[in-house]
Amino acid sequence: MKHLISIKDLSREEIEFLFNLTDRVKKNPPAYADRLKGMTLGLIFEKPSTRTWASFQAGMNELGGESLYLGPHDIAMGKREEVRDIARVLSSYLAVFVLRTFLHRTITEFARYSAKPVINGLSNISHPCQALTDVYTILETFGKKDAAKINVVYVGDGNNVLNSLLLLFAKTGLTLRYATPRDFAPKAALLKTVKTLARRSGAKISAFTNPREAVRNAQVIYTDVWASMGEENQAEAKKKNFRGFQINQNLLRGAAENVKVMHCLPAHRGEEITNQVMEGSHSLIFQQAANRLPVQKAILLYLLTSIGSNLEVK
Ligand code: CP
Ligand code: NVA
């Protein structure tokens, strides 16, 4: 049994397999229509969600399975009952779980006691399903040939989304520059892992604190909110540190002419990104969001069936 809690849980071969499977699932949804018949997905969410919840639930339906949403007031995980007790009981009813939690260790604790696969649907330190969708979307847009040369630049907070992007780019040998304010860089331990992975794969990862310098000749500029869920009380204070980090027409001028802009959403228009860029011709944002569905379906198929047993798409 396999979990997907971090990008670290996947090998480069498994990631390539997931992308190939996503292509197939996207091109021919009926071919996978009853693969998860009789199975129920548990969606255990401590925080709000639009894309992660809806794409996993729709994906499960389209694969012939069902899903059960359990929000923060339903099972009150860790408050009404201990995580390990809930994991043991629910995994005797349900076939797979997506967890969205405040603390990453709630997901690892749940997985330790769960008899069924556990997927991280966002924690305070990572968002692997988002990162997989993002790299899939970049490869779909620019092609897999010469993928290592695609100049991708993340501008914003050193948060859960950046952590997972860093691990994924480092695993797959891609190029990522990232610009964060000095005090909002990813943690040293994560960067150490990224460095080791990049040395193995040949990935080129580099850090900046000046967004203008970072986006020079960028083919993709990616951003996310400055204050993540759970940090709402820091939002005003954080804004001051992110002056110059907004994705606007002016910043785009320093990038490649046909630069694509990505954002995992939800966006705070007027903060990390302008309305004009969100709605403009550079935006890849809604194609990126749409790809959550086939990517989640590929993840579910991989974890729950023998489809990936020899890492060849059947
Ligand atoms: N990008 C993303 O995870 O969106 P939701 O928070 O709406 O699920
Ligand atoms: N960094 C954001 C991502 C939302 C999908 C958050 O954690 O709120």
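Reference entry: report on the structure contained in this document. Model, not experiment: these values are computed from the prediction.

**Some remarks on the overall build of the protein chain**
So, step 1. Counting secondary structure elements, the protein chain contains 14 helices and nine strands.
So, step 2. Taking 2.2 N^0.38 as the reference for a compact globule, 314 residues should give roughly 20 Å; the C-alpha atoms of the protein chain span a radius of gyration of 19 Å, in line with that estimate.
So, step 3. In terms of overall dimensions, the protein chain has C-alpha extents of about 55 × 45 × 35 Å along its principal axes.
So, step 4. The buried share of the protein chain, taken over its 314 residues, is 54%.

**As for the packing of aromatic side chains**
So, step 1. Applying the stated criterion across every chain yields a total of nine aromatic pairs.
So, step 2. Taking 5.8 Å as the distance between ring centres and 50 degrees as the angle between the ring planes, the aromatic pair formed by Phe45 and Tyr69 counts as tilted. Remark: Tyr69 occurs in strand S2 (residues 66-70) and Phe45 occurs in strand S1 (residues 40-45); sequence separation between them is 24 residues.
So, step 3. The exposure class assigned to Tyr69 is partly exposed, which follows from its relative accessible area of 26%.
So, step 4. Ring geometry for Phe97 against Phe110: centres 4.9 Å apart, planes inclined by 65 degrees, an arrangement best described as edge-to-face.

**Some details on the site of ligand 2**
So, step 1. Leu122, His127, Asn159, Asn160, Val161, Asp224, Val225, Ser228, Met229 and Leu265 make up every residue found near ligand 2.
So, step 2. Contacts to ligand 2 include Asn159, whose side-chain N or O atom sits 3.4 Å from a nitrogen atom.
So, step 3. Between a nitrogen atom of ligand 2 and a side-chain N or O atom of Asp224, the distance comes to 2.7 Å.
So, step 4. Here ligand 2 has 270 Å² of accessible area as a free molecule, and 95% of this is covered by the chains.
So, step 5. When atoms are counted within 2 Å of each cavity's grid points, the one that captures over half of ligand 2 is the largest pocket.
So, step 6. Residues that form the shell around ligand 2 fall into these classes: five nonpolar, four polar and one charged.

Conventions and cut-offs
- Residues numbered from 1 in each chain as written.
- Chains lettered and ligands numbered in written order.
- Predicted model: local features only at pLDDT ≥ 70, side-chain atom pairs only at ≥ 80, totals over all residues.
- Heavy atoms only, no water.
- Helix = DSSP H or I, 4+ residues; strand = E, 2+ residues; numbered from the N terminus.
- Rg over C-alpha atoms; globule rule 2.2 N^0.38 Å.
- Buried < 20%, exposed > 50% of the residue type's maximum accessible area, 1.4 Å probe, protein only.
- Phe/Tyr/Trp six-rings, centres within 6.5 Å; stacked < 30°, edge-to-face > 60°.
- Near = heavy atom within 4 Å.
- Polar contact = N/O pair within 3.5 Å; in protein donor to acceptor, adjacent residues only side chain to side chain.
- Areas by Shrake-Rupley, 256 points an atom, 1.4 Å probe, with all protein chains shown as cover.
- 1 Å grid on protein atoms, 1.4 Å probe; cavity = no way out; pocket = protein on both sides within 12 Å on 5 of 7 lines; lining within 4 Å.
- Sits in = over half its atoms within 2 Å of the grid points.
- Nonpolar A, V, L, I, M, F, W, Y, C, P; charged D, E, K, R; others polar.

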